[in-house]
Amino acid sequence: MSIPNHILEQLNSQADLISIIGRHTTLKRAGSEFKGCCPFHGEKSPSFYVNPQKNIYHCFGCSVGGNAISFLRDYENLTFIEAVNELSKQTGIEVPKEEQQNVSYQRTKKQAAIKPASRAPAAETAKFQPAVDNQLPASIATDSQQKNYTDQPTYNDHNNHDSSYDHNYENSYDSYPPLDAYDSAPYPMDSYPADYQDATNNGAPPAWLTDTNAGAGSHSDNSVSDKDGNLYDLLEQIQQFYQHNLTIHPHAKHYFLSRGITEDIFETFGLGYAPFGWQHLEHQFPQDIEGLKALGLVRQSESGRDYDLLRDRVIFPIRDNQGRTIGFGGRALDDDVKPKYINSSDSPVFHKQHVLYGYYESRQQRADSWLVVEGYMDVIALYQSGIYGAIASMGTAINESQISRLLTLNPTLTLSFDGDSAGQKAAWRTLEVALPVLADDKELRFLTLPNNHDPDTFIKSQGGDAMREQIKNAMPLSQYIFAYLSERYDLTLVEGKAKLMSQVRSLTMALPKGSSFRYLLNNDIYQKLGGKRSQNKEARDALLDFDGDMTISQQLQLCFLFQPRALLEDPIESIWQQAGINRINLPAHIKEKASPDILRALAWEDLRDDALLDIVSTIKRCLNYLPQDANAAAHFILSNVKPITQEMLSRNWGGFYKTLTTRNILSLDELIENLVSQLLERNMKKKIQELIKNPDHIKLAIVRKQTQLLNDWLRAQQAEQSAQMVTVQS
């Protein structure tokens, strides 16, 4: 199967290479790169570097280097297709089943220029303006209203933005240059075997890896008419056409100047102008109609007439991670024109859900912090003020893989959305998307500017230094969640507090497995709601008041009945990991004699408690079908357990539930963890006694080591809880 080269480029550029390689070696930040010991050869001093900006790696010791696909193939021994499919899952970029999408298109033969009539008066032109930009009125029957752009000058590739994507792979590293030299240097790539692409490639690397002139052709009238066109090349020519038009249309240039944009920024971001006329692109590029349609820049009305998508709009070129133009955003000069912004539609080279506007320009400035904003002008205003790292999505919500990538570049990501309802809803959606990749060492912050400012207007009003101060003081995630939810619930009522805590628990369940932030956030917000003691202390008191004669197992069963979703993440496995028992380092002589499964975490079956095993197994089996209401969920579980288990739980459930709800207890997370820890501690003591009676020195040594780690962890937990209680009381 042959996969289009532009898809391979997108996969390699969007892959989270730091995470992929980080599974096999420890990488630490070193300037703008990450370094570590090379996974391909044994070494004591790190000489392996990963550049997250270019998404490449290189070892200065063994000279191995490449991209995400090459690492998966060469180190993880995946086939080319397996590597591509793995990256497709990670990035969300679809690999086409058929070769129906390609960056090439058929150019038509050279046509004689169409002699246009003079442009119609403005009032007449306005009469033909469609209500929706993607449909041309059938009443337009001639080209008499169109302006002649065939006499416009052609544009050579003098402004190629491909400089950061170095294709010169013939050079290799002969020494260990400094990091700055590494950042700008090319890396060697071995030839790919025959399975890299189909047999037509004869085992050679694809053109995009070796051809330094790929995509640099010209679309001038001197082009060979029967030669296939290239969409990247065409987009570059269109960008230069739009950029030239900005210089000859004063009203368009005045728009940017009036917004405070300086002329040097025109060049940096390639800003331009799409002129009047329904078919100016077809007149300028008469041999490239097929390419223009593939890009969605030329569309067809219901009457069958072709027309340009962008007309009388200032243009913002959209670039990929290598700096190539892949699409355009157009803004109406008149605020009354709707829609105000139009983006290029998706095409073989542009997938808006995978692109961040301003990412390439910020990367060129070695941005070390990142700020998500809403609009193109926000990105440009921040950049012009020397605040690099501002990016915006393409009219769609930023996705999980993009957030993960930005958090790899810097562990703190700031979101700046408008203070209106729409802006805050967008911020909340982004928060929900980010939670699954928000590990304990990552941080999300929220910036809502005062007086309904956006970054563009705030900088004009207050200046760049004031904007930096606002970013520095952006609100942490925990504060933002409470502030956002407290406006939506009546916290003077117990019911409002319960609803808020319920939503917080739902949010924290989306955090990565083993997250400490989950407990801390729940507890922090509970304290904000007025709790004078920890939730654990409150729940324990309620449990003792209810029935002090219950065993630990019976208490735990009722807790699971009250909060069954606590079993979404197995508490035993969680404790095993937090205590470090799963990472126990055994002496070589013990490891050789021990059974393969000796270090596995204890299972519920190992506790030898039939009633507890019955309730745990039933809940896990029914989790996907449980009602949201706690009491209804409990009765659903009770109807599915064994009669003997049901009898004990039914006898105690009503009083237990009433006691907890009366005290407004919403979470039993810490109490469940404590009860499970006690059961594990008792089980391991019994196991040691059994091994002493029936000697097995290997198992005894291992269980004693496990027990020591568990006890150390329990003491640390108790010390932390005591410190929290002192803080709360003071």
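Residues numbered from 1 in each chain as written. Predicted model: local features only at pLDDT ≥ 70, side-chain atom pairs only at ≥ 80, totals over all residues. Heavy atoms only, no water.

Draft legend 1. Quick peek at the sheet that holds strand β4 (residues 56-59). Taken in spatial order, the five strands of this open sheet run β1-β2-β3-β4-β5, and their pairing is antiparallel. The sheet terminates laterally at β1 (28-30) and β5 (65-66), the two strands that pair on one side only. As defined by bridge partners, strand β3 (residues 48-51) adjoins β4 across four bridges and the pair is classed as antiparallel. Counted as the bridge partner of tyrosine 49 is histidine 58 from β4. (Pairing = 2+ DSSP bridges. Helix = DSSP H or I, 4+ residues; strand = E, 2+ residues; numbered from the N terminus.)

Draft legend 2. A look at helix α15 (residues 400-409). Within α15, eight of the 10 residues are buried, which leaves it mostly tucked inside the rest of the structure. Within the span of α15, buried status applies to Gln402, Ile403, Ser404, Arg405, Leu406, Leu407, Thr408 and Leu409. (Buried < 20%, exposed > 50% of the residue type's maximum accessible area, 1.4 Å probe, protein only.)

Draft legend 3. Local environment of the side chain of threonine 25. Within the secondary structure layout, threonine 25 lies in the loop between α2 (17-22) and β1. Excluding its chain neighbours within four sequence positions, the residues that come into contact with threonine 25 are Cys37 and Pro39. (Contact = heavy atoms within 4.5 Å.)

Draft legend 4. Spatial organisation of the packing of helix α23 (residues 552-562) against helix α29 (residues 669-693). Packing of α23 against α29 brings their axes to within 10 Å, and their N-to-C directions diverge by 145°. Crossing of α23 over α29 shows left-handed handedness. Facing α23, whose interface residues are Ile552, Ser553, Gln555, Leu556, Cys559 and Phe560, α29 presents Leu671, Ile672, Leu675, Val676, Gln678, Leu679 and Arg682. By residue class, the composition of the contact of α23 with α29 is nine nonpolar, three polar and one charged. (Axes fitted to C-alpha atoms, helices over the stretch in contact; angles between N-to-C directions. Left-handed = near helix turned anticlockwise from the far one by under 90°. Nonpolar A, V, L, I, M, F, W, Y, C, P; charged D, E, K, R; others polar.)

Draft legend 5. Focus on the packing of helix α17 (residues 455-462) against helix α18 (residues 464-472). With their axes 7 Å apart at the nearest point, α17 and α18 run at an angle of 130° to one another. Compared by their axis directions, α17 and α18 come out oblique. Residues Pro455, Phe458, Ile459 and Gln462 of α17 touch α18, and the partners they reach there are Gly464, Ala466, Met467 and Gln470. The class makeup of the residues in the contact of α17 with α18 is five nonpolar, three polar and no charged. (Parallel < 35°, antiparallel > 145°, perpendicular 65-115°, else oblique.)

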